[in-house]
Amino acid sequence: MLRKIERRLKFATLILVLSGYLALTTTFSYGVDILIVPIAAIMLMPLGEWLDRRFPLYRRITSAVIVAFVAGAFVIMQRVTLLDAVIALVMFIQVYSLLHRKTVRSYLHIFLMSFFLVLAATAMTPRPDIAFVFLLFLLSLTWGMVLLEMLAAGHVESAS
């Protein structure tokens, strides 16, 4: 039963992640090519989770990537607007969370980063088609939160 809930939660999470990036595509600053990021992260997610479970070196390597990103963030902030730098940080956090084992906390991080992407898109004068993205976001967030609560409750019951 928990496996079925976990699969559905992952699917709801993927829809939620895509809705965040779709919100960015409704602005004049980002095009459809931004969807490469979530699609690549979604495709690499099973491999990242497997590596995270099996090899402690994977965590060290991804920690080194975090240090490199933080060092590069100062360069990024000088070349783009502050909002674009924040969006890059949000995207990095979300991709990092997608490519590791999922806990309740990491799912909440992914959900929050999707919300921040939608919020950033609304600050960038989106086109009217963002209404569809809002609907998709709200439905997948509601579905994901319910499934996450069910998964968390199931782990508590099975531990007792």
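Before any of the text, the structure's been laid out above.
Below is a short write-up of the structure.

Calculation notes
Residues numbered from 1 in each chain as written. Predicted model: local features only at pLDDT ≥ 70, side-chain atom pairs only at ≥ 80, totals over all residues. Heavy atoms only, no water. 1 Å grid on protein atoms, 1.4 Å probe; cavity = no way out; pocket = protein on both sides within 12 Å on 5 of 7 lines; lining within 4 Å. Points joined across faces, edges and corners; volume = space filled by probe spheres on them. Helix = DSSP H or I, 4+ residues; strand = E, 2+ residues; numbered from the N terminus. Nonpolar A, V, L, I, M, F, W, Y, C, P; charged D, E, K, R; others polar. Core = buried A, V, L, I, M, F, W, Y, C linked by side-chain atoms within 4.5 Å. Buried < 20%, exposed > 50% of the residue type's maximum accessible area, 1.4 Å probe, protein only. Patch = residues over 30% accessible without salt bridge, like charges linked within 9 Å, V, L, I, M, F, W, Y side chains within 5 Å. Areas by Shrake-Rupley, 256 points an atom, 1.4 Å probe, with all protein chains shown as cover. Salt bridge = Lys/Arg side-chain N within 4 Å of Asp/Glu carboxyl O. Lys, Arg positive; Asp, Glu negative; His and termini not counted. Charge placed at Lys NZ, Arg CZ, Asp CG, Glu CD. Contact = heavy atoms within 4.5 Å. Polar contact = N/O pair within 3.5 Å; in protein donor to acceptor, adjacent residues only side chain to side chain.

### Considering the layout of surface pockets
Piece 1. Size it by volume and the largest pocket reaches roughly 250 Å³.
Piece 2. Lining the largest pocket we find 14 residues, and of these R59, Y96, S97, S106 and H109 sit closest to its centre.
Piece 3. Where the lining of the largest pocket is concerned, the elements lending two or more residues are helix 3 (56–79), helix 4 (82–98) and helix 5 (104–122).
Piece 4. Among the residues forming the lining of the largest pocket, the class breakdown is six nonpolar, five polar and three charged.

### A short note on the nonpolar core
Piece 1. In this structure, L9, Y21, L24, I87 and L117 are the most contacted members of the largest nonpolar core, which totals 34 residues.
Piece 2. Secondary structure elements with two or more residues in this core: helix 1 (2–25), helix 2 (36–54), helix 4, helix 5 and helix 6 (130–159).
Piece 3. Here the element with the most residues in this core is helix 1; it accounts for nine residues.

### Description of a positive patch on the surface
Piece 1. There is a patch of like positive charges on the surface, built from R3, K4, R7, R8, R53 and R54.
Piece 2. Elements supplying a minimum of two residues to the positive patch: helix 1 and helix 2.
Piece 3. No other element matches the four residues that helix 1 contributes to the positive patch.
Piece 4. Take R54: it is sitting in helix 2.
Piece 5. You can call R54 exposed: its relative accessible area is 52%.

### As for the side chain of S97
Piece 1. Counting through the fold element by element, S97 comes out in helix 4.
Piece 2. Beyond its immediate stretch of four places on either side in the chain, S97 contacts K102, S106, H109 and I110.

### A look at the side chain of T27
Piece 1. Mapping T27 onto the fold places it in the loop between helix 1 and helix 2.
Piece 2. Residue classification places T27 among the buried residues on the basis of a relative accessible area of 1%.
Piece 3. Within the structure, the side chain of T27 is placed 3.5 Å from the backbone nitrogen of Y30, a separation counted as a polar contact.
Piece 4. Apart from the residues within four sequence positions on either side, T27 is in contact with A121, M124, T125, P126 and R127.

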